[in-house]
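Coordinates in review
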Amino acid sequence: MEDERNPSDVRFGQALMRARKRAGIQQAVLARHLTCTPGHVSHIENGRRKLDESKVSDLDEFLEAKGRLVRTYEEVYQPEHVDWIGEFRQMQADAEMIREYQNSLVPGTIQHPEYAAATIAAGAPWLSPIEAKKRLQERMGWSKEVLRDGGPQYHVVLDDITVMRPIGPNQLMVKQITKIIELAETGRIMVQLHGWDQHPHAGLDGPFSLLTSSAAPDLVHVESVYRGQNTDDLKDVRRFMMLFSRLQATARSPLESVKVLKEMREKYGQP
């Protein structure tokens, strides 16, 4: 018999089950809190029933899910209302460690203002000057929050193309590369460059970030042309951890990467 479950119900049910188990709560206890039967809770968790929207916030608080159930509910049932960028930025700032891979552009977290302005103008030419300036200010504010003293550990693997391909005048690239070098040499970030000729290449499917925190489950954010997607599904997170480990293993060492960055800066015109 064909499975007639709604995929959105299944996804939220799985998130609820993970949150309940993390909290160490049995279905019977959750049922008493929701004033329903354990069987009804089971149906919600296996995707055969939909949880009433009015109970989501209370359930999130009861399970100490720190807003994750609320966000998941919005993602699966009301994706058009989700502030994907804002949500991801907040999760980055709250993380204890960020592991990121980028294969086309320097990540927004470590962009120089002039580099950021150029990427915003190129990627969203429909923005008015006022809108573009506002987006730039938001990006720089987000970067400052993530890179603050005591902020998350930040490990990034950059494909060579991120610094080999200029996205503006040479002096702009000098400023951007200098910022990466300074962050790396002060120990604020750990950067590794992944050679374009290295294979097998574990990052061919595109950019992604792994966020780790003791207060919440590990999470992976996968970028796309239109918008990103977040998931804390254990199987998915482990798969991307494997990809990141492979990228680190085939990339240059941090010391060698800084050396290559300095060589690239010289090519752009600064000794």
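Scoring rules and cut-offs
- Residues numbered from 1 in each chain as written.
- Predicted model: local features only at pLDDT ≥ 70, side-chain atom pairs only at ≥ 80, totals over all residues.
- Heavy atoms only, no water.
- Helix = DSSP H or I, 4+ residues; strand = E, 2+ residues; numbered from the N terminus.
- Buried < 20%, exposed > 50% of the residue type's maximum accessible area, 1.4 Å probe, protein only.
- Contact = heavy atoms within 4.5 Å.
- Areas by Shrake-Rupley, 256 points an atom, 1.4 Å probe, with all protein chains shown as cover.
- Lys, Arg positive; Asp, Glu negative; His and termini not counted.
- Charge placed at Lys NZ, Arg CZ, Asp CG, Glu CD.
- Salt bridge = Lys/Arg side-chain N within 4 Å of Asp/Glu carboxyl O.
- Expected span 1.5 Å × (residues − 1).
- Arc of directions from axis to C-beta.
- pLDDT = per-residue confidence, 0-100.
- Pairing = 2+ DSSP bridges.
- Phe/Tyr/Trp six-rings, centres within 6.5 Å; stacked < 30°, edge-to-face > 60°.

Turning our attention to the overall build of the chain. The helix and strand inventory of the chain stands at 12 helices and 6 strands. The C-alpha extent of the chain, read off along each of the three principal axes, is 70 × 45 × 40 Å. Sorting the 271 residues of the chain into buried and exposed places 45% on the buried side. Within the chain, contacts between residues at least 6 apart in sequence are counted, and of these 72% link residues at least 24 apart. Carbon and sulfur atoms provide 52% of the accessible area of the chain, an area that totals close to 14,800 Å². Taking the 36 positively charged and 38 negatively charged side chains of the chain as two groups, their mean positions are separated by 2 Å.

This paragraph deals with the pattern of salt bridges. In this structure the tally under the stated criterion is 5 salt bridges. One salt bridge in this structure joins R148 and E145, with 3.5 Å as the shortest N-O distance. When its relative accessible area of 38% is taken as the criterion, E145 is described as partly exposed. Between K262 and E185 there is a salt bridge, and its shortest N-O distance comes to 2.7 Å. Of the two residues, K262 is situated in helix α12 (residues 254–267) and E185 in helix α10 (residues 170–185); the sequence distance between them amounts to 77 residues.

Relative to the helices and strands, D9 resides in helix α1 (residues 7–22). Setting aside its immediate chain neighbours within four residues, D9 contacts I44, G47, R49, K50 and Y77.

Before going further, it helps to examine α12. Between its first and last C-alpha atoms α12 spans 20 Å; for 14 residues at 1.5 Å apiece the expected length is 20 Å, and the two agree. All of the buried residues along α12 are S257, V258, V260, L261, M264 and R265. All buried residues of α12 project into a common sector of 160° when viewed along the axis, lining one side. In this structure, α12 carries L255, E266 and K267 as exposed residues pointing more than 90 degrees from its buried face. Buried-residue contacts for α12 involve α9 (161–164), α10 and β3 (189–194). Phi for G269, located one or two positions after α12, is positive at around 120°.

Here we come to the confidence of the model for the chain. Predicted confidence across the chain gives a mean pLDDT of 87, with 91% of residues reaching 70 or more. Within the chain, helix α6 (residues 84–94) has the poorest average pLDDT of any element, 64, and β3 the best, 97.

With respect to the secondary-structure elements, L261 resides in helix α12. Owing to a relative accessible area of 0%, L261 belongs among the buried residues under this scheme. Counting along the chain gives 69 residues from L261 to Q192, while the straight-line C-alpha distance between them is 9.9 Å. Ignoring sequence-local partners within four residues, the contact set of L261 consists of V163, I177, I180, I181, V191 and L193.

Moving on: the pairing of strand β1 (residues 97–102). Within β1, 5 of the 6 residues are buried, which leaves the element mostly enclosed by the surrounding structure. Relative to strand β2 (residues 153–159), β1 runs parallel, the two being bridged by 6 bridges. Residue pairing for β2: Y101 is matched across the bridge by V157. One ladder, built from 5 bridges, connects β1 with strand β4 (residues 208–213); its direction is antiparallel. The residue bridging I98 from the neighbouring strand is L211, located in β4.

Below, the discussion takes up helix α7 (residues 113–123). Looking at α7, one finds that the buried residues are Y115, A116, T119 and I120. End-on view of α7: buried residues confined to an arc of 135°, all on one side of the axis. On its buried side, α7 packs onto α8 (129–146), α9 and α10.

Now for the packing of aromatic side chains. This model, assessed by the stated rule, comprises 4 aromatic pairs. Seen in terms of ring centroids, Y101 and F208 are 6.0 Å apart; in terms of plane orientation they differ by 45°. Their pairing is tilted. Here the residue Y101 occupies a position in strand β1, and F208 occupies one in strand β4, the gap between them amounting to 107 residues. The two residues Y101 and F208 agree in class, both being buried. Through pairs of rings, three or more aromatic residues link up here, namely Y101, F208, F240 and F244.

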